[in-house]
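Report on the structure
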Amino acid sequence: MGLIKAILTAPAAPIRFVDWTARQVLDAAEREYYDPAAVRQRLAELSDQLDNGEITEEEFDRMEDELLDRLEEAEEYMNERQ
């Protein structure tokens, strides 16, 4: 029975592989996006850019708000996964 099943389901193998690969990529992207350490690092870089005059106060405020929202999302995401 296992051989028959293998023969009959073989045409679907590429589809299952693509699905598995897409899930792995999505999981990796979510882990990277929701990594609190990466968000905190970006906040530090943003602060340095402001101090060095590379960005304006308005740009800093806008980007800081986005990163703080992302950090809050990251913490919620990490709590959900536990």
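I will try to describe carefully the structure that is included in this document.

Bringing the packing of aromatic side chains into the picture now. Under the counting rule described, the total for this entry stands at three aromatic pairs. Taking the centre distance of 5.0 Å and the plane angle of 85 degrees together, the rings of Tyr 33 and Tyr 34 count as edge-to-face. Counting every residue linked through ring pairs, the aromatic cluster contains Tyr 33, Tyr 34 and Tyr 77.

Close contact between helix α2 (residues 13-33) and helix α4 (residues 57-81) brings their axes to 9 Å; oriented N to C, the two are set at 125 degrees. Taken together, the axis directions place α2 and α4 in an arrangement best described as oblique. Contacts from Glu 30, Arg 31, Glu 32 and Tyr 33 of α2 reach α4 at Arg 70, Glu 73, Tyr 77 and Arg 81. Counted by class, the contact of α2 with α4 contains two nonpolar, no polar and six charged residues.

As a packed pair, helix α3 (residues 36-51) and α4 sit with axes 9 Å apart at the nearest point and diverge in direction by 170 degrees. Between α3 and α4, the angle is such that the two are roughly antiparallel. Judged by residue contacts, Pro 36, Val 39, Arg 40, Arg 42, Leu 43, Leu 46, Ser 47 and Leu 50 of α3 engage Glu 57, Phe 60, Met 63, Glu 64, Leu 67, Leu 68, Arg 70, Leu 71, Ala 74, Glu 75 and Met 78 from α4. Taken together, the residues of the contact of α3 with α4 break down into 12 nonpolar, one polar and six charged.

Calculation criteria
Residues numbered from 1 in each chain as written. Predicted model: local features only at pLDDT ≥ 70, side-chain atom pairs only at ≥ 80, totals over all residues. Heavy atoms only, no water. Phe/Tyr/Trp six-rings, centres within 6.5 Å; stacked < 30°, edge-to-face > 60°. Axes fitted to C-alpha atoms, helices over the stretch in contact; angles between N-to-C directions. Helix = DSSP H or I, 4+ residues; strand = E, 2+ residues; numbered from the N terminus. Parallel < 35°, antiparallel > 145°, perpendicular 65-115°, else oblique. Contact = heavy atoms within 4.5 Å. Nonpolar A, V, L, I, M, F, W, Y, C, P; charged D, E, K, R; others polar.

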